[in-house]
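Reading the structure
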Amino acid sequence: MKVIVNLFGVEVRLKQEIFVEPVSPALKSVVKSMKEQGVGQLERFIDDRIAPVDGSVILVNGRNFLSLDGWETQIHAGDELTFMVPVAGG
Amino acid sequence: MKGICGKLLDVDLASGRTKEIGIADETAAKYLGGRGLGARLLFDLLPAKTDPLSSENILIFLTGPFTGSMVPGSSKFVVVTKSPLTGGWCDSYSSGRISLEIKKAGYDGLVIRGRANHPCYLQISDKGVEIREADRIWGKDSFETETTLKGLEGNGSAGVSSIGPAGENLCSYACINSDFYRQAGRGGVGAVMGYKRLKAIVAKGGKKVEYHDHKRVVELNRANYERAKVSQVFQARSKYGTPLTLNFTHTGGILPTKNFQFGTWEKALGKIDSVGVYKSVKAHRSCQSCFVHCSLITEVAEGKYKGTTLEGPEYETLGMFGSNLLIDSLPTIIQANVLCDKLGLDTISTGNVIGFAMECFEKGLLTARQMDGLEMKFGDDEACLAAIEMIVHRRGFGDILAQGVRETARRIGGGSDRFAMQVKGLEFPAYDPRGAFGSGLSYAVSPRGACHRRAWPPAKEILGGVPPFTIEGKGEMIRGLYAENCIFHSLLVCDMPAKFIPLPLDDYAIYFEAVTGLSISQADFQTMAGRTETLIRMFNNREGFTRADDTLPYRTLKEPLPDGPGKGQCVGEENLRRMIDDFYSCQGWDAAGIPTEATLRKYDLKNTL
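This write-up is about the structure you can find in this document. Because the structure is predicted, anything quoted here is derived from the model rather than measured.

Topic: the overall build of chain A
Check the secondary structure of chain A and you find one helix and five strands. For chain A, the C-alpha radius of gyration of 12 Å lies close to 12 Å, the compact-globule estimate for 90 residues. Over its C-alpha atoms, taken along the principal directions, chain A stretches across nearly 40 × 25 × 25 Å. Scored against the burial criterion, the 90 residues of chain A give a buried share of 56%. Taking contacts inside chain A between residues at least 6 apart in sequence as the whole, the part at least 24 apart equals 50%. In the form shown here, chain A has an accessible surface area of approximately 3900 Å², with 49% of it arising from carbon and sulfur atoms. Considering chain A, the positive charge centre built from 9 side chains and the negative charge centre built from 12 side chains are found 2 Å apart.

Examining the pattern of salt bridges
Residue and element names in this part refer to chain B. For the structure shown, the criterion picks out 52 salt bridges over all chains. A salt bridge links Asp604 to Lys30; its shortest N-O distance comes to 2.8 Å. Highlighted residues: Asp604 in the segment after α25 (597–602) and Lys30 in helix α1 (residues 25–31), separated in sequence by 574 residues. With a relative accessible area of 46%, Asp604 lands in the partly exposed category. For Lys30, a relative accessible area of 19% corresponds to the buried category. Ionic pairing is found between Arg394 and Asp399, a salt bridge with its closest N-O pair at 2.8 Å. A relative accessible area of 22% means that Arg394 is categorised as partly exposed. Each member of the salt-bridge network shares a partner with another, and the members are Arg35, Asp91, Arg454 and Glu533.

Quick word on the packing of helix α2 (residues 34–45) of chain B against helix α22 (residues 522–542) of chain B
All names here are of chain B. Across the interface, α2 lies against α22 with an axial gap of 9 Å and an inter-helix angle of 30 degrees. Here the hand of the crossing between α2 and α22 comes out left-handed. Mapping the contact onto sequence places Arg35, Gly36, Ala39, Arg40, Leu42 and Phe43 in α2 and Thr532, Glu533, Leu535, Ile536, Met538, Phe539 and Arg542 in α22. Of the residues that constitute the contact of α2 with α22, the class distribution is seven nonpolar, two polar and four charged.

With respect to the sheet that holds strand β9 (residues 159–162) of chain B
All names here are of chain B. Across the sheet, six strands lie side by side as β8-β7-β12-β9-β10-β11; this open sheet has mixed pairing. In the strand order of this sheet, the two ends are held by β8 (128–133) and β11 (182–184), each with one partner. Averaged over all pairs of adjacent strands, the angle between their axes in this sheet comes to 20 degrees, without regard to strand direction. As paired elements, strand β7 (residues 120–125) and strand β12 (residues 198–203) share five bridges and run parallel to each other. Note on β12: the bridge partner recorded for Tyr121 is Ala200.

Thoughts on the sheet that holds strand β4 (residues 76–82) of chain B
All names here are of chain B. Judged by pairing direction, the sheet is mixed, and its six strands sit side by side in the order β2-β1-β6-β3-β4-β5 without closing on themselves. At either end of the open sheet lies a strand with only one pairing partner, and these are β2 (18–22) and β5 (89–95). Within the sheet, the average angular offset between the axes of one strand and its neighbour, ignoring direction, is 20 degrees. Relative to strand β6 (residues 109–113), strand β1 (residues 7–12) runs parallel, the two sharing five bridges. When the sheet's bridge partners are listed, Val11 is paired in β6 with Ile112.

Here we look at helix α17 (residues 437–445) of chain B
All names here are of chain B. Here α17 lies mainly inside the structure; nine of its nine residues are buried. For α17, every residue scored as buried is listed here: Phe437, Gly438, Ser439, Gly440, Leu441, Ser442, Tyr443, Ala444 and Val445. Where the residues of α17 are buried, they touch β16 (422–423), α18 (458–461), α19 (474–491) and α24 (573–587).

Quick notes on the packing of aromatic side chains
Throughout the structure, instances matching the rule amount to 22 aromatic pairs over all chains. When the ring of Tyr482 of chain B is compared with that of Phe583 of chain B, the centres are 5.7 Å apart and the planes differ by 65 degrees; the resulting orientation is edge-to-face. Within this pair, whereas Tyr482 of chain B is found in helix α19, its partner Phe583 of chain B is found in helix α24, the two being separated by 101 residues in sequence. No difference in accessibility class separates Tyr482 of chain B from Phe583 of chain B, as the two residues are buried. Between Tyr584 of chain B and Trp589 of chain B, the aromatic rings sit 5.9 Å apart at their centres with planes inclined by 50 degrees, giving tilted as the arrangement. For Trp589 of chain B, a relative accessible area of 8% gives the class buried. Linked through ring pairs, Phe248, Tyr315, Tyr431 and Trp456 of chain B together constitute an aromatic cluster. The ring of Trp71 of chain A has Lys28 of chain A lying over it, and the distance from NZ or CZ to the ring centre is 5.5 Å.

Scoring rules and cut-offs
- Residues numbered from 1 in each chain as written.
- Chains lettered and ligands numbered in written order.
- Predicted model: local features only at pLDDT ≥ 70, side-chain atom pairs only at ≥ 80, totals over all residues.
- Heavy atoms only, no water.
- Helix = DSSP H or I, 4+ residues; strand = E, 2+ residues; numbered from the N terminus.
- Rg over C-alpha atoms; globule rule 2.2 N^0.38 Å.
- Buried < 20%, exposed > 50% of the residue type's maximum accessible area, 1.4 Å probe, protein only.
- Contact = heavy atoms within 4.5 Å.
- Areas by Shrake-Rupley, 256 points an atom, 1.4 Å probe, with all protein chains shown as cover.
- Lys, Arg positive; Asp, Glu negative; His and termini not counted.
- Charge placed at Lys NZ, Arg CZ, Asp CG, Glu CD.
- Salt bridge = Lys/Arg side-chain N within 4 Å of Asp/Glu carboxyl O.
- Axes fitted to C-alpha atoms, helices over the stretch in contact; angles between N-to-C directions.
- Left-handed = near helix turned anticlockwise from the far one by under 90°.
- Nonpolar A, V, L, I, M, F, W, Y, C, P; charged D, E, K, R; others polar.
- Pairing = 2+ DSSP bridges.
- Phe/Tyr/Trp six-rings, centres within 6.5 Å; stacked < 30°, edge-to-face > 60°.
- Lys NZ or Arg CZ within 6 Å of the ring centre and 35° of its normal.

This is how it looks when you write it as structure tokens:
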């Protein structure tokens, strides 16, 4: 399925269309699939154990995955995943 | 106590008399400086029910214990007064060289009273203060004023804070400008200065401020810089500055769009967000005494504003002049930003007021005839820029707009108050609370009105994973965020290094001991914050504010967001009522928002009654 990916960190990448073939539609599986594909810069946000780096945050359609179903949040085709370091405000 | 001078300079502009006000170590320890000390001083020195635009109002400039010490982010100062926009408590923060120079002249701050007979400026030095005539600079913009004053003999490296024509013309959201591009923006502090006919303050000190262990401060800075260098948060902030926030608020659905009708705006992406602004960046800079160079120097590369340079724009200006007005031209936003800085208007309130005027125009409540022929359509760059000039010079309907969105809605009528986005008269900043309910509570209970500086709930509700559309626990969450910022704003340090190095409060306690020689615990910090917030509440209560003023506009309470992650959400009256009950209880105030006897005893404020 195709998901839309944003990266907000030392590099900003907007609206990248990424095709993934996860084992299951759970967020963890989708992210793992993205890691395996070597989506650029993702290692800055998610390490190889599929854990956030430096307190990084994942937003699923603008909602923090922790306020949804965590790593079990179900991802659908067309969903927008944002990976960001916790930097905002001003 | 090291780190403070122990005295304030008290200037009466009407009589020309000056004196010093001593600050006892005990008072400094209880209130620290900045917001805390400002609360104590305003409560004690300002007669109750004073008209903000009268000679009785006072204008207080304060530094903090860290000022000049090289603690990261310590070049801040605060202006405290009674706001002409809200009629209540006002504290407005800025960076600026003047904070260091006031301290080097031997003072922790200034208390300015009375109204001068003629335009004047203050020249502060080790020898005290001179009140000098300002006829030659009255009417000039802030940039010309600062350039002129710095050109005077001995002032080359002075700190200068000034007002532009907006302050002179008593626009209710006029700001005070320092170092060209830094503003004490909110609440109309520039109008109070204008009423006093005080065009500027120039300070140049030569004294050495004593700190307990300066070597220790340097060691801590080195260690913290090493920590910062490997932090992605620090690197991202240093590279993109606050414009990165626009990507976040758009994604999170809290970006003010079309006068807060919507929470997202795709057209902003790549144009007026981090990506768009970064294309115009020529350099980065940091404030004096900070190593987070989060300030961007931008330049317009082409078009009719080609060559215009700015330190900025910051997120708030991008939100309020960009998405809020449906303007996706970065050059226009930069031009609007420069106009506001030069002429002396707060960009947040100005963008909000113009957005409101555009919605009124769209709804037929405001005509082009009223606006000197301007068609106030959303997205109209020229109308936006022309409206700024009308407001500053109070031309035509600009005279009404200059009084803020609450007063403008009152004059326009027709139910426009439903979409006048303000609390207590202070215009909303660039976050829509419908997408993060804690922001709604924070805006509602903020003593200076709708404000993003007392607390920044999206840190918890979007970045932190706290559910954004629930109310449980939000009272304590906002109390805690208020306390944290109160500590930063009383120490008078920027909260950017705190959040983006990051430096937790434990680090500031270590710095505090190095600077002052006194140890301070986290419990002490919290007590100071609780005391300060309660004292400010008492000030507003004394001035006539009640629980009824802790509310939100109709749009926020009852109109569901039509887009984004918060689609279908609005804060709701009952939700707000319950969150306020919770917040008051956490602060130790009763259901009417009045501090209880036990709270007054706890914070040693019994004698304040």
